[in-house]
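Structural features, examined
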Amino acid sequence: MAVPVYLYTGPEFGERKEAVKSVKTALMKKSGTIDEYSFYTFETEISEVIMTLQSESLFTSASFVVLYGAETIKNKTDIDLLASWIVSVTPSEKHPVTRESAVLVLVSDEISVDSKVEKLVPRENRHIFWEMFENRKIEWLQNFFTRAGYRLHPDAADEILDLVENNTETLETECSKFFFCFPAGHEVSAEDVDQVLSHNREESAFTLFDAMSSPGESSEKRFENSVQILQRILVSKNGSSVMLIAGLTSCFRRLSVWHSIHANGKTPDDFTLKVSGFSSQKSRRQYLSAAGTWNYGQTAAVIALLASTDADIRSSGTLLAETQLHLMLYAIVIRKGSFCLSYDI
């Protein structure tokens, strides 16, 4: 019997989501009914995750647990807890495990996790889901619209890729909107894309990051635009401050990687950019712009500020969360990551 722990990393959310689903389907075929759990490292202790894995239900045969944010697992105590559980469910001569009562899938948007965590997972159970190359994205879009009975103008495909996060999960969600707006057989044009996506775009941590690092605008204008987006996020169904900060932290960690591979005037080749998580031209333009806004030290300061704000909101509750988020934006955009207690402008 295989070791029931998997590690799925990388920015191609759609293919990664399908892989997680396949593991769950395989467990259901073996065990019948299962309990499903999703946890996030920024809000759940590893000890709680392990307790869930070890708890056996009276009504189901197995538990399926997905833990997001695996790149943040670095604490020795947490790693030891994971290691102990994995040893307990790994078949051996002295310890023959007869059935899978729990399966754990570790998930990260980053390319890699702590090496000690990675080594706990068998090589055959690890997979990096790379972002698609540019030529594959156009082909994927054309096939997606064709299967649904629509046509897609080449200019419209380019417009979609400029507006939407280039992973298949987000592309599928956003492109499905066209099927509710136009009859089957319609050729989606660039004008249609502007009407459907530009004017009805849902804001997120990633669109907020774009506004915060927008090139050619003053810091005051970027702050003003960022505040407007923050307000739309807070009143949306995804208006969780915890999720927002987690998304921004992911963006600034990627910016830190960008600075690292460009350190000392280096010009990384396409392969280095790809394995570092920057395979698309859009992401390269985005982080080139962001790198001109925050240098390496300022990026580190922003990451520390995000962590501090997250801790403050958790400890003080939601009453002051909006004010704390506004101060956080001000410190990031105007003060380049320096902490502040009040506005200066």
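Now for a description of the structure that goes with this document. Quick caveat: nothing in here was measured; it's all calculated off a predicted structure.

Digging into the overall build of the chain
When its secondary structure is counted, the chain shows 16 helices and 7 strands. Taken over the C-alpha trace, the chain has a radius of gyration of 22 Å; the compact-globule value for 345 residues is 20 Å, and the two agree within 12%. With respect to the principal axes defined by its C-alpha atoms, the chain has extents near 65 × 55 × 45 Å. By the burial criterion, 46% of the 345 residues in the chain qualify as buried. Expressed as a percentage of contacts within the chain between residues at least 6 apart in sequence, the contacts between residues at least 24 apart total 75%. Counting every atom, the chain has about 17,700 Å² of accessible surface; 53% of that belongs to carbon and sulfur. Looking at the chain, you have 34 positive and 46 negative side-chain charges, and the mean spots of the two groups are 5 Å apart.

Digging into the side chain of Ser-283
Structurally, Ser-283 can be placed in helix 14 (residues 281-293). The exposure class of Ser-283 is buried, given its relative accessible area of 5%. Beyond its immediate chain neighbours, meaning those up to four positions away, Ser-283 contacts Glu-131, Arg-254, Gly-277 and Phe-278.

Side note on the nonpolar core
By size, the foremost hydrophobic cluster in this structure holds 36 residues, and its most contacted members are Met-212, Leu-248, Phe-252, Trp-294 and Ile-332. When residues no more than four places from it in sequence are discounted, the contact partners of Phe-252 are Phe-209, Met-212, Trp-294, Thr-299, Val-302, Ile-303, Leu-306 and Ile-332.

Let's talk about unusual backbone geometry
If you check the backbone angles, Asn-264 has positive phi at about 55 degrees while not being a glycine. Within the secondary structure layout, Asn-264 lies in the loop between helix 12 (241-261) and helix 13 (270-275). Residue Asn-264 is classed as exposed on the basis of its relative accessible area, which comes to 80%.

Some remarks on the environment of Glu-159
If you trace the backbone, Glu-159 turns up in helix 6 (residues 154-163). You can call Glu-159 partly exposed: its relative accessible area is 28%. Between the C-alpha atoms of Glu-159 and Phe-180, which are 21 residues apart in sequence, the distance is 19 Å. Contacts of Glu-159, omitting those with residues within four sequence positions, involve Ala-190 and Val-193.

Regarding the sheet that holds strand 2 (residues 34-40)
With parallel pairing, the 5 strands of this open sheet are ordered in space as 2-3-4-1-5. This sheet does not close on itself; its edge strands, each paired only once, are strand 2 and strand 5 (126-128). On average, each strand axis in the sheet is inclined to that of its neighbour by 15 degrees, with strand direction left out of account. Judged from the 6 bridges that link them, strand 3 (residues 62-68) and strand 4 (residues 102-108) form a sheet pairing that is parallel. Of the residues in strand 4, the one forming a bridge with Val-66 is Val-105. With respect to the sheet, helix 1 (residues 13-31) is in contact with strand 1 (5-9), strand 2, strand 3 and strand 4, its orientation differing from that of strand 3 by roughly 165 degrees. Against the sheet, helix 2 (residues 46-54) contacts strand 2, strand 3 and strand 4, and its axis sits at roughly 160 degrees relative to strand 3.

Re helix 14
Taking 1.5 Å of rise per residue, the 13 residues of helix 14 would be expected to cover 18 Å, and the 19 Å separating its terminal C-alpha atoms lies within 8% of that figure. Taken residue by residue, helix 14 has Lys-282, Ser-283, Arg-284, Gln-286, Tyr-287, Ser-289, Ala-290, Ala-291 and Thr-293 as its buried positions.

Comments concerning the pattern of salt bridges
If you walk through the whole model with that rule in mind, you get 14 salt bridges. Among the salt bridges present, the one from Glu-174 reaches Lys-177, with a minimum N-O distance of 3.0 Å. Between Asp-270 and Arg-284 there is a salt bridge, and its shortest N-O distance comes to 3.1 Å. Of this pair, Asp-270 sits in helix 13 while Arg-284 sits in helix 14, and the two are 14 residues apart along the sequence.

Observations concerning the packing of helix 10 (residues 205-212) against helix 11 (residues 219-234)
As a packed pair, helix 10 and helix 11 sit with axes 8 Å apart at the nearest point and diverge in direction by 170 degrees. When the interaxial angle is binned, helix 10 and helix 11 end up roughly antiparallel. As for how helix 10 packs across helix 11, the hand of that crossing is right-handed. On the side of helix 10, the interface is formed by Ala-205, Thr-207, Leu-208, Ala-211 and Met-212, while helix 11 contributes Arg-222, Ser-226, Ile-229, Leu-230 and Ile-233. Grouping the constituent residues of the contact of helix 10 with helix 11 by class yields 7 nonpolar, 2 polar and 1 charged.

About the criteria used
Residues numbered from 1 in each chain as written. Predicted model: local features only at pLDDT ≥ 70, side-chain atom pairs only at ≥ 80, totals over all residues. Heavy atoms only, no water. Helix = DSSP H or I, 4+ residues; strand = E, 2+ residues; numbered from the N terminus. Rg over C-alpha atoms; globule rule 2.2 N^0.38 Å. Buried < 20%, exposed > 50% of the residue type's maximum accessible area, 1.4 Å probe, protein only. Contact = heavy atoms within 4.5 Å. Areas by Shrake-Rupley, 256 points an atom, 1.4 Å probe, with all protein chains shown as cover. Lys, Arg positive; Asp, Glu negative; His and termini not counted. Charge placed at Lys NZ, Arg CZ, Asp CG, Glu CD. Core = buried A, V, L, I, M, F, W, Y, C linked by side-chain atoms within 4.5 Å. Pairing = 2+ DSSP bridges. Axes fitted to C-alpha atoms, helices over the stretch in contact; angles between N-to-C directions. Expected span 1.5 Å × (residues − 1). Salt bridge = Lys/Arg side-chain N within 4 Å of Asp/Glu carboxyl O. Parallel < 35°, antiparallel > 145°, perpendicular 65-115°, else oblique. Left-handed = near helix turned anticlockwise from the far one by under 90°. Nonpolar A, V, L, I, M, F, W, Y, C, P; charged D, E, K, R; others polar.

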